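Survey of secondary and tertiary structure
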Amino acid sequence: APANLNRDDTGSPKDCEFGGARRARISSQCLKRAMRQTPIFKATTGVEQSYRTKLLVQKIVKEMYGVKTEGEDTSLQPKRDIATGLLRKFAETLYSGFKDEQSNVLLFISDSERKTICESVQKIMDEVADAKQQQGEAEKAAKLLARQFKERTSAPDIALFGRMLAEHPDLNIDAACQVAHAISTHRVNMEMDFYTAVDELKKELQPEGKEDKGGAGAGMMGFSGYNSACFYRYARLDWNQLLKNLGGDADLAHNTVKGFLLAAYDAIPTGKQNSSAAHNPPSLMLAV
């Protein structure tokens, strides 16, 4: 279907020159995210989806103490402040430095990592009263977790697509899956859709004598790029690397491969779907 599934910086569908022809393109990162977020991937692997974020600390504090509301118990705020400081220490020791309230880089975090950090912080707060000692315990616990997380994960999506942390390379995970940019099997020309949105009350409510020349007119108008293409997609998966990334868990690795294949079939980028409904499934899948 005519669509704009993956936009470039100008809002137009991505494209590329290939084989002497201009072709439609969907980036590999767009396809990988679509696969990760396909419900069948989580259902098949049985593991919660990981997430990329700079807001790990806020996420865990919210889970521990909820969202701050008017009239809540004032004793919660000091606990929130202590938890925020300890979580920041954990995140800095494990993953990345901070600027203001956010990590310097997007962190790719598994659900089990998040839960483990949350439990460690709660334990320190329950057992240690002195603030300085709490910070020391947090750093010690984070270093232990770094050894536990090193070069392995329980998250299928991180095991497949890898993780890179420049500040803490020990937690890097080599991707077990490579995904190519999808390109159209044929030449495409960029098409432009000139659209208008009618102000449906303009004619009724405009003061008499001030009607637009030529009628009620449009409330807004503009251009949107689109194309229509049959895409060739390609990905490869390294079983041994996947098994290593998942800490030797063969059952989870098998489920990850199955989930990956099913998700590859279901995965469709979300760009401008409300205005294009381009939910075309693959016509052919070939595994070698």
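Below is a short write-up of the structure.

Conventions used here
Residues numbered from 1 in each chain as written. Predicted model: local features only at pLDDT ≥ 70, side-chain atom pairs only at ≥ 80, totals over all residues. Heavy atoms only, no water. Axes fitted to C-alpha atoms, helices over the stretch in contact; angles between N-to-C directions. Helix = DSSP H or I, 4+ residues; strand = E, 2+ residues; numbered from the N terminus. Left-handed = near helix turned anticlockwise from the far one by under 90°. Contact = heavy atoms within 4.5 Å. Nonpolar A, V, L, I, M, F, W, Y, C, P; charged D, E, K, R; others polar. Salt bridge = Lys/Arg side-chain N within 4 Å of Asp/Glu carboxyl O. Buried < 20%, exposed > 50% of the residue type's maximum accessible area, 1.4 Å probe, protein only.

Once that is clear, we can look at the packing of helix α3 (residues 56-65) against helix α4 (residues 76-94). Packed helices, taken two at a time, are described by the angle their axes make and the gap between the axes. Relative to each other, α3 and α4 sit at 145 degrees, their axes nearing to 10 Å. The interaxial crossing formed by α3 with α4 has right-handed handedness. Residues Val57, Ile60, Val61, Met64 and Tyr65 of α3 pack against Leu76, Lys79, Arg80, Ala83, Thr84, Leu87 and Arg88 of α4. In terms of residue class, the contact of α3 with α4 is built from 8 nonpolar, 1 polar and 3 charged.

Bringing the pattern of salt bridges into the picture now. Using the criterion set out here, one finds 12 salt bridges in the structure. The closest approach of N and O atoms between Asp111 and Lys115, which form a salt bridge, is 3.2 Å. Within this pair, Asp111 and its partner Lys115 are both found in helix α5 (residues 111-127), separated by 4 residues, close to a single helical turn. In this structure Lys115 comes out as partly exposed when scored by relative accessible area, which is 42%. Note that Lys143 and Glu139 form a salt bridge whose closest N and O atoms lie 3.6 Å from each other. Of the two residues, Lys143 and Glu139 both sit in helix α6 (residues 131-149), 4 residues apart, roughly one turn of that helix. What you see here is one network of salt bridges that share partners, running through Lys59, Glu63, Asp111, Arg114 and Lys115.

Function cannot be inferred from these measures alone, as they are strictly geometric.
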